[in-house]
Amino acid sequence: KQWYQRRVRALLDALFQTVDRAAKEQQKVPGEVVMFENYHHISRRLAWMELATLSDHLRTCNKAYKDNLEAYISEKLGNPIEKISTFFAGVKSCLTPAMRPEEVGFNMNYSKSNLTKLLEEYQFKVVKKSIDNSIAKIDKHLSKEECLFSEVRGRYLTTFFAHITEYSHLMELCYPGSKLQFRCKVEELRTIYGMEEEDDE
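Everything quoted here is computed from the prediction, not taken from an experiment.

### A word on the pattern of salt bridges
Right, so step 1: For the structure shown, the criterion picks out 11 salt bridges.
Right, so step 2: Residue E121 pairs with K83 through a salt bridge whose shortest N-O separation is 2.8 Å. Of the two residues, E121 is situated in helix α5 (residues 112–121) and K83 in helix α4 (residues 82–94); the sequence distance between them amounts to 38 residues.
Right, so step 3: A relative accessible area of 37% means that E121 is categorised as partly exposed.
Right, so step 4: With a shortest N-O distance of 2.6 Å, E120 and R183 are connected by a salt bridge. Of this pair, E120 sits in helix α5 while R183 sits in the loop between α7 (149–174) and α8 (186–192), placing them 63 residues apart in sequence.
Right, so step 5: Among the charged side chains, a network of salt bridges with common partners joins R100, E102 and E103.

Given below as structure tokens:
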């Protein structure tokens, strides 16, 4: 039995190396997709085998799946509100013990007027079109065999909604009384993309 388990571990190590190499050589789809699809497939097989001696390999698979999925979403799908994200990255860098949140707007780069212009630029139709384009990319990049489209789509949308919520909070914190709001409402987008049931589960 020990010989068998050592053999399986050696095969898995070789398989991991093969997946990593294939991801680097792949040109038709992003390498991150090759990684998270293959590690998802391997992790399912390892979980089915239920061998305690392979728990380290299973953890490796799960981590590789998660890390590459997050990298794919953040780096390959595009940000529907990229300029606003850049703006608030700067806002967060200003939030130091030496500066109160309501003072951020006095910085010309992060003024209320600049933020207002950005919010106007990202009207609902513009944001939705960008989201739809990203979802189309997911459908194009993923293989049908692993059946991961719904999960990746859901992760992408959840990540985007979290950004909107975070930036909305920062608007209230740093621009009190300004009544600044996104033109795209998270609740409306959740309804359009059928995310209500997923959130309630």
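### A closer look at the layout of surface pockets
Empty space left among the atoms is revealed by rolling a probe the size of a water molecule over them.
Right, so step 1: The computed volume of the largest pocket comes to approximately 280 Å³.
Right, so step 2: If you trace the largest pocket, you find 17 residues lining it, with S168, E172, Q181, F182 and K185 closest to the centre.
Right, so step 3: If you list the elements that add at least two residues to the lining of the largest pocket, you get α7 and α8.
Right, so step 4: At 5 residues, the largest contribution of residues to the lining of the largest pocket is made by α7.
Right, so step 5: Tallied by class, residues from the lining of the largest pocket come to 7 nonpolar, 5 polar and 5 charged.
Right, so step 6: Taken as a whole, the second largest pocket spans an internal volume of roughly 220 Å³.
Right, so step 7: Considering the residues around the second largest pocket, the lining is formed by 13 residues, among which I73, S74, N79, T159 and H163 are closest to the centre.
Right, so step 8: Of all the secondary structure elements, the ones that give two or more residues to the lining of the second largest pocket are α3 (55–75), α4 and α7.
Right, so step 9: It is α7 that contributes the most residues to the lining of the second largest pocket, 6 residues altogether.
Right, so step 10: A class-by-class count of the residues in the lining of the second largest pocket yields 5 nonpolar, 6 polar and 2 charged.

Each value, and the rule that gives it
Residues numbered from 1 in each chain as written. Predicted model: local features only at pLDDT ≥ 70, side-chain atom pairs only at ≥ 80, totals over all residues. Heavy atoms only, no water. Salt bridge = Lys/Arg side-chain N within 4 Å of Asp/Glu carboxyl O. Helix = DSSP H or I, 4+ residues; strand = E, 2+ residues; numbered from the N terminus. Buried < 20%, exposed > 50% of the residue type's maximum accessible area, 1.4 Å probe, protein only. 1 Å grid on protein atoms, 1.4 Å probe; cavity = no way out; pocket = protein on both sides within 12 Å on 5 of 7 lines; lining within 4 Å. Points joined across faces, edges and corners; volume = space filled by probe spheres on them. Nonpolar A, V, L, I, M, F, W, Y, C, P; charged D, E, K, R; others polar.

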